[in-house]
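# A structural walkthrough
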Amino acid sequence: MANLRTHRVAEQMKKEMSDIIGNRIKDPRVGFVTVTGVDVTGDLQEATVYISVLGDEDKKQASLERLNKAKGFVRSEIGKRIRLRKTPEISFKVDESVEYGSHIDQLINKLHHKD
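Basis of the calculations
Residues numbered from 1 in each chain as written. Predicted model: local features only at pLDDT ≥ 70, side-chain atom pairs only at ≥ 80, totals over all residues. Heavy atoms only, no water. Helix = DSSP H or I, 4+ residues; strand = E, 2+ residues; numbered from the N terminus. Buried < 20%, exposed > 50% of the residue type's maximum accessible area, 1.4 Å probe, protein only. Contact = heavy atoms within 4.5 Å. pLDDT = per-residue confidence, 0-100. Core = buried A, V, L, I, M, F, W, Y, C linked by side-chain atoms within 4.5 Å. Expected span 1.5 Å × (residues − 1). Arc of directions from axis to C-beta. Pairing = 2+ DSSP bridges.

## So, the side chain of Glu 77
- Among the secondary structure elements, Glu 77 is positioned in helix H3 (residues 71-81).
- Classification of Glu 77 as buried rests on a relative accessible area of 6%.
- Beyond its immediate stretch of four places on either side in the chain, Glu 77 contacts Ile 20 and Arg 24.

This is the structure in structure tokens:
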């Protein structure tokens with residue numbers, strides 16, 4: 001039962017995070033950021049937000065740095081939007097799975113073209 005609740009909270013946080021990062025953060029150094037997932041601990045005390053950033057490695061690091069500086073603002077916005085007893089601590093991580101999948105796809109395509 002608790003697992004279902006954490007999943008629902010994670011999905012709601014993902015939706016709200018996308019809106020907050022896309023529409024409420026006005027820092028131009030935050031590039032085109034997509035929230036790919038949110039992991040919430042079972043006790044709802046911590047949340048890890050996985051993001052994908054369009055651009056090179058410097059753009060990713062700059063966006064991640066600016067989002068980390070805006071943690072307080074993002075957490076307060078989440079607290080206003082989602083009714084929880086305590087708003088989870090938020091940490092941001094760059095999601096490498098999209099790039100990894102693209103790399104694997106390129107390798108498979110190279111194998112098919114060699115035949």
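## A word on the confidence of the model for the protein
- Scored by pLDDT, the protein comes out at a mean of 89, with 97% of its residues at no less than 70.
- Averaged pLDDT values for the elements of the protein fall to 84 in helix H4 (residues 97-114) and rise to 94 in strand S3 (residues 89-94).

## Observations regarding the nonpolar core
- Residues Met 13 and Phe 92 are the most contacted members of the largest nonpolar core, which totals 27 residues.
- Among the elements of the structure, helix H1 (2-24), strand S1 (33-40), strand S2 (46-53), helix H2 (57-69), H3 and S3 are those that each provide at least two residues to this core.
- Tallying contributions element by element places H1 first for this core, with six residues.
- Ignoring sequence-local partners within four residues, the contact set of Phe 92 consists of Ile 21, Val 49, Ile 51, Leu 64, Leu 67, Asn 68, Lys 71 and Val 74.

## Focus on the environment of Ile 20
- Within the element layout of this structure, Ile 20 appears in helix H1.
- In sequence terms Ile 20 and Glu 77 are 57 residues apart; their C-alpha atoms lie 7.5 Å from each other.
- Dropping the residues within four chain positions of it, Ile 20 is found in contact with Ile 25, Phe 73, Val 74, Glu 77, Ile 78 and Arg 81.

## A short note on H2
- Taking 1.5 Å per residue as the helical rise, H2 with its 13 residues ought to reach 18 Å, and the 18 Å between its terminal C-alpha atoms agrees with that figure.
- Buried within H2 are the following residues: Lys 60, Ser 63, Leu 64, Arg 66 and Leu 67. Down the axis of H2, the buried set is contained in an arc of 165°. They therefore lie on one face. Looking at H2, the residues exposed on the side facing more than 90 degrees away from the buried face are Asp 58 and Lys 69.

## Regarding the pairing of S1
- Alignment of S1 against S2, held across seven bridges, turns out to be antiparallel. Residue pairing for S2: Val 33 is matched across the bridge by Val 53.
- What sits between the antiparallel neighbours S1 and S2 is a turn of five residues, in which Leu 44 has the positive phi angle 60°.

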